[in-house]
Amino acid sequence: MSDEKEPQEREPLFPKMEEEISAYWKKHHIFERSIEERPEKKTFVFYDGPPFATGLPHYGHLLQSAIKDAVPRYWTMKGYRVPRRWGWDCHGLPVENLIEKELKLGSKKEIEAYGIDKFNNACRLSVMQYEAEWGRYIDRIGRWVDFENSYKTMDNDYIESVWWVFGELYKQALVYKGRRVSLYCPRCSTPLSNFEIAMGNSYIDKDDPAIYIKFPVKGKEKTYFLAWTTTPWTLPGNTALTVHPELMYVAAKIHETGETLIFAESRQSEILKQYYPLPSSGVGFEIVQRWTGNELVGMRYEPLYVFEPVTGDGFRVVAGEHVSKDDGTGIVHTAPAFGEEDFAMGNQYKLPLIDMVDEEGKLNASCGLFAGLKTQEANRPIIDDLQARGLLYREETITHSVPVCWRCHTLLLYKAQPAWFVDVTKLKPKMLKTAEKINWRPEHLKEGRFGKGLLTAPDWNISRTRYWGSPLPVWECAACYTRTVIHSAAELKKLAKKETLPEPFDLHRPFIDQVLIPCACGKDQHRVPEVFDCWFESGSMPVASFHYPFQNKKSFDDHFPADFIGEAQDQTRGWFYTLHVIASALFKKPAAKNVIVTGMILAEDGKKMSKSLKNYPDPWEVLTRYGGDALRYYLLSSPVIDADSLNFSERDLQNVVRGFLNTLWNVKAFYATYAQEEVKPSKPRSAHILDRWIAARFMHLLREVTKNLDQYELAKAARPLRDFVDDVSTWWLRRSRDRLKSDNEFERNDALKTLREILEELAKTMAPFMPFIAEKIYLDIGGAKASVHLEKWPEINDRLIDDHLLQDMMWVRLVCSKGHEERVKSKMPVRQALASVKISLKDPKEVQRLQKQPDLLGLIREELNVESVILESKLDLEEPWAVSLDTDLTPELREKGWRREFVRQVMNLRKEAGLAPQDRVHVFYQAPEEITQAIARGLDEMKKDLRTDELVFVEQAPQAAKASSVAKVNGRPLQIWFV
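Residues numbered from 1 in each chain as written. Predicted model: local features only at pLDDT ≥ 70, side-chain atom pairs only at ≥ 80, totals over all residues. Heavy atoms only, no water.

1. Some words on the overall build of the protein
Rules: Numbering goes from the N terminus for both helices and strands, where a helix is a DSSP run of H or I of at least four residues and a strand is a run of E of at least two. Every residue pair with non-hydrogen atoms within 4.5 Å of one another is taken to be in contact. Residue burial considers only the protein chains on display, and all accessible areas are found by Shrake-Rupley using a 1.4 Å probe. Asp and Glu count as negative and Lys and Arg as positive, but His and the ends of the chain are not part of the count. A single reference atom marks each charge: NZ on Lys, CZ on Arg, CG on Asp, CD on Glu.
For the protein, the helix and strand inventory stands at 33 helices and 33 strands. Judged by the C-alpha coordinates and their principal axes, the protein covers about 125 × 85 × 55 Å. In the protein, the proportion of contacts linking residues at least 24 apart, taken out of those at least 6 apart, comes to 79%. For the protein, the accessible surface area stands at approximately 42,800 Å², while carbon and sulfur atoms represent 49% of it. Each charge sign in the protein was given a centre, from 135 positive and 141 negative side chains, and these centres are 2 Å apart.

Laid out in structure tokens, this is it:
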């Protein structure tokens, strides 16, 4: 038995190999063929969420690309035609903010002074500045996608389809123009959607003033309603105080000041904490009256500020269920222009709405001393003013979480403003019904993050008061209020005044703003100024990327919804959500049948990846150093696939290369070494126990990978590949080396055919995950097609899955592992032959069964290097079985050990000299007499193992010696030469 190690090619430079494979794919048009050679009638559809090309790809992008490549490759091999077209997000605040910085523009006024046409042109030119770099990354990670014919959300065709979507929603009365409170960015001067902030977790902790304000009760001297707020700047907009209808309220007369304060009884100890414990008579307070909240409703108070005449029935107490007994004073300062609940109270009670904040977040000219101050700047002057007027009861500071703009990080306001909304409230029953048809991975998102998000989703603000975006296709007449909603460019050209149409025809601002539509009243209709929220464009992607319904109508109708989409977890409130709203409204279906949701990739220390902190390795350097396959497998087999977070570790990535790819490469190299001519699979199959086992093991793997890929469980599909390769290398190949080198042609061919078949089928099975090395293996062993990616997915042959054999082999390996542990304990190297291993089993029936399995026992004998395997029944064992070695060495056993050590030294010398296995040599040596005698007694077998025609003891080095080695056997010096 030889100790020769598996032949190893020089460690491959995987990135270089991948570049060669990529060039091969391009030269032979493999990607195009993978689509064209599949039937059009059998199409698999997936939608690719378009990224912005305003920066370089990060690990999150590469993760999604790996997923969006692995899934289509799998379904292609399953016989489906899988079109793959790239797309670009082009519009919206991300681009505008970049251009504002480049042009040093600080506000909308400055943009308009600069010129909307010039500003939008700068946005247009900037959008694709990183396109080539993106292409380089996509190519390097092995993603197949039609990159050159990408769709762009700024194209007229795309915008036209977005218009159609809006028009269809409008027809169904699912779009309305209204005034509602929503998040507003004073820096960008535009409203934002709640989900934009939620999906990016765009919140910061901020210290704010928390003040108790005295509102004078009308007609009652020195009596005040006591309210609480953390936004003093909203007090000039106050038009009501809200109480809970069922709470108890008290009037506390303060002896020191003579003032009477009204507040919720549940807050008494906090509000009057400075008077506890009650001091002596004449100081402190007394409760003079009690009411329910309902009894306070209708009472009036003097406004804190009246800068302009206010029309409407305001400055009174109203009731609301949202008032808490545990916060503030139990009386809520209500400014309908600056809060969702406040706005709801305003609508319910027809309260005046005072919006004294302009589009830049400044108090307007009507606000007297506070005019021109930004909202946060106005807090202190207002507090000081209230203090001077005796209306401030107490000032404190509170730290709380506040929203910021997801692009410019400016503090956001809740502000009532006119906007266009999708009526999600009306649409919600349909959305909930269609959501039931989606298969989510991980499954918990269906009822969890996504499902709960649907239940609580507010109406969707889809308009932005900005510039670089798809313009709303709405024209209105200021004279008679007639409104025209346009569905297509052709419709606009038909209705518009011809002289106002832009030439060339461009649907962007400011050109579209100049288009006029004659109104029946004799005036002209002008386009409303808003553009679409870029998320509305993204949600329209399924139709707009196909220019539906103006083109590709039948193809789209036949293949909607998509079979698959995937993005990160934040998109459950973003792209996944907007797709679902529009698909449910227009088609009464979900946008996709299957959704893969990933977690976030963090730095190794668990912090968010940050360019400024440089706390993660550069993605391009990682791809250059380790290759696309390694990164793909690392990500696809990681917890991030199951929507958990991944702390990116370069060491773990290195382990993929060293512990997996190198192992696989060496198995392929071993095959190449001993397959001197083309080996083709043939029947009958090998009956050798190892070959039957590895065939069963592979079919078990294939069944597991196929099942999980069918269910979009990518990590569960990817992880078993590594274990299988380890089994091939550390067990099948380890125990089959002698067969692969055997002079017995039948025995050798059986082993080679088995290994070739395993490598070919494994290459197909790993092709979706690691397309480069799968291709290299397939081509190197002589696959039948031009590419493994043109192959069919392997068929599962259940007849080859021998569960009993798999279990038995697992037991054999455990026994061998235990035997090796016993060798280590007794300090017996594995090269030293031993007399026997005794395996004690608790179950006598198992002893009888295993005694009829000589092939299994033979594997144990060979692996543990023992002369015999002894089975015995031992009923008193605590465990099912136990292993013990006979470590008494006879002279014959010692000599066997010496011979094996000698063979190992010679084979190492052959390897160092770069000899191929088939190269024949003459071996000469010097050794002590007992070693020489041991060699003489096993000469024929050793010459066979060493592939030598001559094994001779010499007194001095041969003159023509090509290599030499000095070593020790049995602690004695040994010198070897060969020629």
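Now that the structure is up, let's keep going.
2. Re the packing of aromatic side chains
For clarity, the threshold we go by: Side-chain rings of Phe, Tyr and Trp, where Trp is taken by its six-membered ring, are said to pair if the distance between their centres is within 6.5 Å; with planes under 30 degrees apart they count as stacked, over 60 as edge-to-face, and otherwise as tilted. For each residue, the accessible area found with a 1.4 Å probe, counting protein chains only, is set against the maximum for its type, and the residue is called buried under 20%, exposed over 50%, and partly exposed in between. The rule is short: NZ of Lys or CZ of Arg within 6 Å of the ring centre and within 35 degrees of the ring normal puts a charge over the ring.
Following the criterion strictly, the structure yields 52 aromatic pairs and no others. Between F14 and W665, the aromatic rings sit 5.6 Å apart at their centres with planes inclined by 90°, giving edge-to-face as the arrangement. Here F14 is found in helix 1 (residues 14–27), whereas its partner W665 is found in helix 23 (residues 650–674), with 651 residues between them in sequence. For the residue pair F14 and W665, the accessibility class agrees, reading buried in each case. Clustering of aromatic rings is evident, with ring pairs tying together F44, F46, Y74, W75, Y80, F564, Y712 and W793. R73 extends its terminal NZ or CZ atom over the ring of W25, reaching a point 5.2 Å from the ring centre. Seen from the ring of W144, R73 lies directly overhead, with NZ or CZ sitting 3.8 Å from the centre.

3. Comments concerning the pairing of strand 11 (residues 316–319)
The following threshold applies: In this description, strands pair whenever DSSP reports at least two bridges between them.
Residues R316 and V318 point to one face of strand 11 and V317 and A319 to the other, with burial holding for every one of them. Relative to strand 11, strand 7 (residues 240–243) is paired through four bridges, and the arrangement is parallel. Note on strand 11: the bridge partner recorded for V243 is A319.

4. What about the pairing of strand 7?
Side-chain alternation along strand 7 places A240 and T242 on one buried face and L241 and V243 on a second face that is also buried. Taken together, the four bridges between strand 7 and strand 12 (residues 331–334) define a ladder with antiparallel strand orientation. By the bridge assignment, V243 is partnered in strand 12 with I331.

5. Side note on helix 30 (residues 854–864)
The set of residues buried in helix 30 consists of L856, L857, G858, L859, I860, E863 and L864. Considering only its buried residues, helix 30 is in contact with helix 24 (689–710), helix 25 (714–740), helix 28 (803–825), strand 27 (834–841), helix 29 (844–851) and strand 28 (866–873). A positive phi of about 55° marks N865, the residue just after helix 30.

6. Structural notes on unusual backbone geometry
With an omega of 0°, the peptide bond between E503 and P504 qualifies as cis. For P504, the position within the fold is in the loop between helix 16 (489–495) and strand 20 (517–518). In this model, R509 is joined to P510 through a cis peptide bond whose omega is 0°. The residue P510 is located in the loop between helix 16 and strand 20 in this model. Non-glycine residue A173 carries a positive phi angle of around 60°. On the accessibility criterion, A173 (40% relative accessible area) is partly exposed. Look at Y712: it is not a glycine, yet its phi comes out positive at around 65°.

7. Quick word on the nonpolar core
A general feature of soluble globular proteins is that nonpolar side chains tend to end up buried together. Selection rule: Buried Ala, Val, Leu, Ile, Met, Phe, Trp, Tyr and Cys residues form a nonpolar core when they are joined through side-chain atoms within 4.5 Å.
In this structure, L631, L721, M766, I773, M809 and I860 are the most contacted members of the largest nonpolar core, which totals 124 residues. The greatest single-element share of this core, amounting to 12 residues, is contributed by helix 25. With 66 residues, the next largest nonpolar core counts V485, L501, V528 and V543 among its residues.

8. Things to note about the packing of helix 23 against helix 25
Here is the rule: For every element, the axis is a line fit to its C-alpha atoms; helices are fit only across the contacting stretch, and the angle between N-to-C directions ranges from 0 to 180 degrees. Note on convention: near helix rotated counterclockwise from far helix by under a right angle means a left-handed crossing. Clockwise means right-handed. Gly is placed with the polar residues, together with every amino acid not listed as nonpolar (Ala, Val, Leu, Ile, Met, Phe, Trp, Tyr, Cys and Pro) or charged (Asp, Glu, Lys and Arg).
Close contact between helix 23 and helix 25 brings their axes to 10 Å; oriented N to C, the two are set at 30°. For the pair helix 23 and helix 25, the sense of crossing is left-handed. Between helix 23, through N655, V656, G659, F660, T663, L664, V667, F670 and Y674, and helix 25, the contact on the second element is made entirely by L721, R722, V725, V728, S729, L733, R737 and L740. For the contact of helix 23 with helix 25, a count of residues per class yields 11 nonpolar, four polar and two charged.

9. Some thoughts on the side chain of N615
Note the cut-off: Any N or O atom pair separated by 3.5 Å or less is treated as a polar contact, with the protein-specific requirement of one donor-capable and one acceptor-capable atom, and with residues adjacent in sequence counted only for side-chain atom pairs.
Here N615 lies in the loop between strand 25 (601–602) and helix 21 (619–626). There is a polar contact of 3.1 Å between the side chain of N615 and the backbone oxygen of K608. Excluding its chain neighbours within four sequence positions, the residues that come into contact with N615 are A603, E604, D605, K607, K608, M609 and S610.

10. Looking at the sheet that holds strand 3 (residues 175–185)
A sheet is described by the order of its strands in space; here four strands give the open sequence 4-3-14-16, paired in antiparallel fashion. Strands at the two margins of the open sheet, each flanked by one partner only, are strand 4 (190–192) and strand 16 (460–461). As paired strands, strand 14 (residues 413–422) and strand 16 are joined by two bridges and run antiparallel to one another. Each bridged residue has a counterpart across the sheet, and for F421 the counterpart in strand 16 is N461.

11. Some thoughts on the pattern of salt bridges
Rules: For this analysis, a salt bridge means a side-chain nitrogen from Lys or Arg found within 4 Å of a carboxyl oxygen belonging to Asp or Glu.
Scanning the entire structure with this criterion turns up 69 salt bridges. With its nearest N and O atoms 2.7 Å apart, the salt bridge here joins D727 to R697. With D727 in helix 25 and R697 in helix 24, this pair connects stretches of sequence that are 30 residues apart. Here the two residues D727 and R697 agree in accessibility, since each one is buried.

12. Focus: helix 20 (residues 575–587)
Our working definition: How far a helix is expected to stretch is found by multiplying one less than its residue total by 1.5 Å.
Counted at 1.5 Å a residue, the expected span for helix 20 with its 13 residues is 18 Å, and the 17 Å between its end C-alpha atoms agrees. Burial runs high along helix 20: 13 of the 13 residues are buried. Just downstream of helix 20 lies K588, where phi reads positive at about 55°.

13. As for the side chain of R899
On the secondary structure map, R899 appears in helix 31 (residues 891–912). Other than its neighbours up to four places away in sequence, R899 contacts A934, I935, R937, G938 and M942.

14. Examining the environment of P854
Summarising the element assignment, P854 is placed in helix 30. Here P854 falls in the exposed class, since its relative accessible area comes to 56%.

15. Looking at the environment of D358
With respect to the helices and strands, the residue D358 is situated in the loop between helix 12 (340–349) and helix 13 (375–388). A relative accessible area of 28% means that D358 is categorised as partly exposed. In terms of polar contacts, D358 uses its side chain to reach the backbone amide nitrogen of E360, at 2.9 Å.

16. Regarding the sheet that holds strand 19 (residues 483–485)
Read from one edge of the open sheet, four strands run 19-18-21-20, paired in antiparallel fashion. Of all the strands in the sheet, the pair left with one neighbour each is strand 19 and strand 20. Here strand 18 (residues 474–477) pairs with strand 21 (residues 524–527) via three bridges, running antiparallel. Of the residues in strand 21, the one forming a bridge with C477 is Q525. Packed on one face of the sheet, helix 8 (residues 156–171) meets strand 18 and strand 19 and runs near 125° to strand 19.

17. Quick notes on the confidence of the model for the protein
Low pLDDT means the predicted atomic positions in that stretch should not be read closely. Heads up, the condition is: What pLDDT conveys is the predictor's confidence in a given residue, as a value from 0 to 100.
Overall, the prediction assigns the protein a mean pLDDT of 90, with 96% of residues at 70 or greater. Of all helices and strands in the protein, the one with the weakest mean pLDDT is helix 9 (residues 194–199) (65), whereas helix 8 scores best (98).

18. Thoughts on the state of the cysteines
Where we set the bar: Throughout, a disulfide means two cysteine sulfur atoms within 2.5 Å of one another.
A complete count under the given rule lists zero disulfides for this structure. This cysteine, C480, is not joined by any disulfide, and C519 carries the nearest cysteine sulfur, 3.4 Å off. For C480, a relative accessible area of 33% corresponds to the partly exposed category.

19. Focus: the environment of I935
Mapped onto the secondary structure, I935 falls in helix 32 (residues 929–937). C-alpha of I935 to C-alpha of L951: the two residues are 16 residues apart in sequence and 9.0 Å apart in space. Excluding residues that lie within four positions of it along the chain, I935 makes contacts with R899, F902, Y925, M942 and L951.

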